Amino acid sequence: MEWQMRAIRGATTVSENTIEAMREAVTELLDELEQRNKIQPQDMISVTFSVTRDLDAIFPAAIARTRSGWDNVAMLDVQQMYVEGSLQRCVRFLIHAYLPVSAPIHHIYLRHASNLRPDWSLPQTLHTSQTAIEILNS
């Protein structure tokens, strides 16, 4: 089986800026990521989390590090650029992982974040490196 570095994107929204609400939303997002993509932390190269400027109760990476196996994954938290009128209380991730080339990629968009990429509500399969470049640049 041929393996390749792949990128998975996802996002969710948080009901309020509290540790409990962020923990609930991030846990739900990562549970769905692992289940739908059948991905293990040891396959992950890195995870970048971004949050909107209205979320500062806890770092999403701190939540992820409490998950089994995630303490060895390189993670980074950043604040998203503010754009007037954009989705509020949003947590996004970009994960790079080694996965089988034939495995479909399920980008995970939950709660109000599902409106960000309705076109990714179905599995995405990368067939060429050009497709991968287009996805990473979008």
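To be clear, the structure that these remarks concern was listed above.
Conventions we followed
By convention here, each chain's residues receive numbers from 1 onward along its written sequence. In keeping with the predicted nature of the model, local features appear solely for residues at pLDDT of at least 70, side-chain atom pairs appear and are counted solely at 80 or more, and the whole-chain, interface and lining totals rest on all residues. To obtain the side-chain values, all non-hydrogen atoms of the structure were used and water was disregarded. Secondary structure counts use DSSP, requiring at least four H or I residues in a row for a helix and at least two E residues in a row for a strand, with both numbered from the N terminus. Burial status follows relative accessibility: with a 1.4 Å probe on protein chains alone, a residue under 20% of its type maximum counts as buried, one over 50% as exposed, and anything between as partly exposed. In this analysis, two residues are considered to be in contact whenever any of their non-hydrogen atoms come within 4.5 Å of each other. By definition, two strands form a pair when at least two bridges between them are found by DSSP. To define axes, lines are fitted to C-alpha atoms, for helices over the stretch in contact only, and angles between the resulting N-to-C directions are given on a 0 to 180 degree scale. Criterion for a salt bridge: a side-chain nitrogen of Lys or Arg within 4 Å of a carboxyl oxygen of Asp or Glu.

(A) Representation of the overall build of the protein chain in the model. Of the regular secondary structure elements, the protein chain holds three helices and five strands. Each helix (α) and strand (β) of the protein chain, taken in turn from the N terminus, gives the series β-α-β-α-β-β-β-α. Across the 138 residues of the protein chain, 42% fall into the buried class. Long-range pairs, those at least 24 residues apart, make up 82% of the contacts in the protein chain between residues at least 6 apart in sequence.

(B) Main features of the sheet that holds strand S1 (residues 3–13). Here five strands make up an open sheet; going across it, the order is S3-S2-S4-S1-S5 and the pairing mixed. The open sheet has two edge strands, strand S3 (74–79) and strand S5 (108–109), and neither has a second partner. Sheet contacts for helix H1 (residues 19–37): S1, strand S2 (44–51), strand S4 (90–100) and S5; angle to S1, the most-contacted strand, approximately 145°.

(C) A look at the environment of Ser 68. Counting through the fold element by element, Ser 68 comes out in the loop between helix H2 (60–64) and S3. Between the alpha carbons of Ser 68 and Gln 40 there is a distance of 9.7 Å; along the sequence they are 28 residues apart.

(D) Region of the structure containing the pattern of salt bridges. The tally for this structure, following the rule as stated, stands at five salt bridges. For the salt bridge of Arg 111 with Glu 24, the shortest nitrogen-to-oxygen distance reads 3.2 Å. Separated by 87 residues along the polypeptide, Arg 111 in the loop between S5 and helix H3 (129–137) and Glu 24 in helix H1 bring together distant segments of the chain. Of the charged contacts in the structure, one is a salt bridge between Glu 32 and Arg 36, with a shortest N-O distance of 3.9 Å. Here Arg 36 and Glu 32 lie together in helix H1, a separation of four residues that amounts to about one turn. Look at Glu 32 and you get partly exposed, because its relative accessible area is 26%. Counted as one network, the salt bridges with shared partners bring together Glu 24, Glu 28 and Arg 111.

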